[in-house]
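This is what each chain is made of:
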Amino acid sequence: MTDPAAGPALLGATVVLALLVIRTAVRETKQPGSARQEWAFLRDGRSLVLLLGAAATLGTLGWILSGPASLPWAGLAALLVASVCHKEG
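All residue numbers refer to positions counted from 1 along the written sequence of the respective chain. The predicted origin of the model limits local features to residues at a pLDDT of at least 70 and limits the giving and counting of side-chain atom pairs to 80 or more, whereas totals for whole chains, interfaces and linings rest on all residues. Heavy atoms throughout the structure, all of them, feed into the side-chain values; hydrogens and water do not.

With that settled, the discussion passes to the pattern of salt bridges. Between Lys or Arg on one side and Asp or Glu on the other, a salt bridge is scored when a side-chain nitrogen of the former is within 4 Å of a carboxyl oxygen of the latter. Considering all chains together, one arrives at two salt bridges under this definition. E38 is the partner of R23 in a salt bridge, and the nearest nitrogen-oxygen pair spans 2.8 Å. With R23 in helix α1 (residues 6-30) and E38 in helix α2 (residues 34-38), the pair connects residues that are 15 residues apart, well separated along the chain. Relative accessibility under 20% of the residue-type maximum defines a buried residue, over 50% an exposed one, and the middle range a partly exposed one, all with a 1.4 Å probe and only protein chains included. Overall, R23 belongs to the partly exposed group, its relative accessible area being 39%. Relative accessible area serves as the criterion here: at 18%, E38 is assigned to the buried category. One salt-bridge network, in which partners are shared between bridges, spans R23, R27 and E38. Secondary structure counts use DSSP, requiring at least four H or I residues in a row for a helix and at least two E residues in a row for a strand, with both numbered from the N terminus.

Okay, here's the thing in structure tokens:
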């Protein structure tokens with residue numbers, strides 16, 4: 001990635017992901033077992049297919065519209081889509 005906007009985009013997405021992990025860690029200290037429930041969508045096949053589909057769609061659209069700087073944000077958005085659409089049970 002030689003796009004000058006890729007560095008700040010990657011840094012911003014990394015900060016957001018780090019905040020999500022820190023939030024999970026804080027909740028886990030208060031209520032043991034909550035992290036497993038919060039990230040359970042990563043072990044669900046349907047959610048993983050949705051995550052990959054959303055990442056491919058958003059990544060392609062973002063690449064066409066604004067170049068490679070949009071890829072980290074497309075990944076985070078796909079993670080959010082899979083998390084929101086996950087059904088427990």
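Quick look at the nonpolar core now. Take the buried Ala, Val, Leu, Ile, Met, Phe, Trp, Tyr and Cys residues and link them wherever side-chain atoms come within 4.5 Å; each set so joined is a nonpolar core. Counting residues in hydrophobic clusters, the biggest one holds nine residues: A13, W39, F41, L51, A54, L76, A78, L79 and A82. Where this core is concerned, the elements lending two or more residues are α3 (45-66) and α4 (71-85). Throughout, a contact is declared for two residues whenever any of their heavy atoms are within 4.5 Å. Not counting chain neighbours up to four residues away, the residues in contact with F41 comprise S47, L48, L79, A82, S83 and H86.

In this section: a nonpolar patch on the surface. Like-charged residues are merged into a patch within 9 Å and nonpolar side chains (Val, Leu, Ile, Met, Phe, Trp, Tyr) within 5 Å, provided each residue has over 30% relative accessible area and no salt bridge. Every accessible area reported is derived by Shrake-Rupley at a probe size of 1.4 Å, with residue values counting cover from the shown protein chains alone. Together, L11, V15, L19, I22 and V26 make up an exposed nonpolar region whose accessible area comes to about 460 Å². As for its position among the elements, V26 is in helix α1.

To continue, consider α1. Here α1 spans 36 Å end to end across 25 residues, near enough to the 36 Å set by a 1.5 Å rise per residue. Along α1, the positions that sit buried rather than exposed are A6, A9, A13 and T24. Among the structural elements, α2 and α4 are those in contact with the buried residues of α1. Expected helix span is computed as 1.5 Å times (number of residues minus one).

Each pair of packed helices gets described by two things: the angle between the helix axes and the distance between those axes. Inter-axis angles, ranging from 0 to 180 degrees, are taken between N-to-C directions of lines fitted to C-alpha atoms, where helices are fitted over the stretch in contact. The N-to-C vectors of α3 and α4 enclose an angle of 150°; their axes lie 8 Å apart at closest approach. The angle between α3 and α4 falls in the class roughly antiparallel. Here the hand of the crossing between α3 and α4 comes out right-handed. Along its contact with α3, which presents R46, S47, L50, L51, A54, A55, L58, G59 and W63, the element α4 presents L71, A74, A77, A78, L79, V81, A82 and C85. Each residue is assigned to one class: nonpolar for Ala, Val, Leu, Ile, Met, Phe, Trp, Tyr, Cys and Pro, charged for Asp, Glu, Lys and Arg, and polar for all the others, Gly among them. Looking at the contact of α3 with α4, its residues break down into 14 nonpolar, two polar and one charged. Roughly parallel here means an angle under 35 degrees, roughly antiparallel means over 145, roughly perpendicular means 65 to 115, and every remaining angle is called oblique. Each crossing gets its handedness from the near helix: less than a right angle anticlockwise from the far helix is left-handed, clockwise is right-handed.

Structural measurements only, silent on function.
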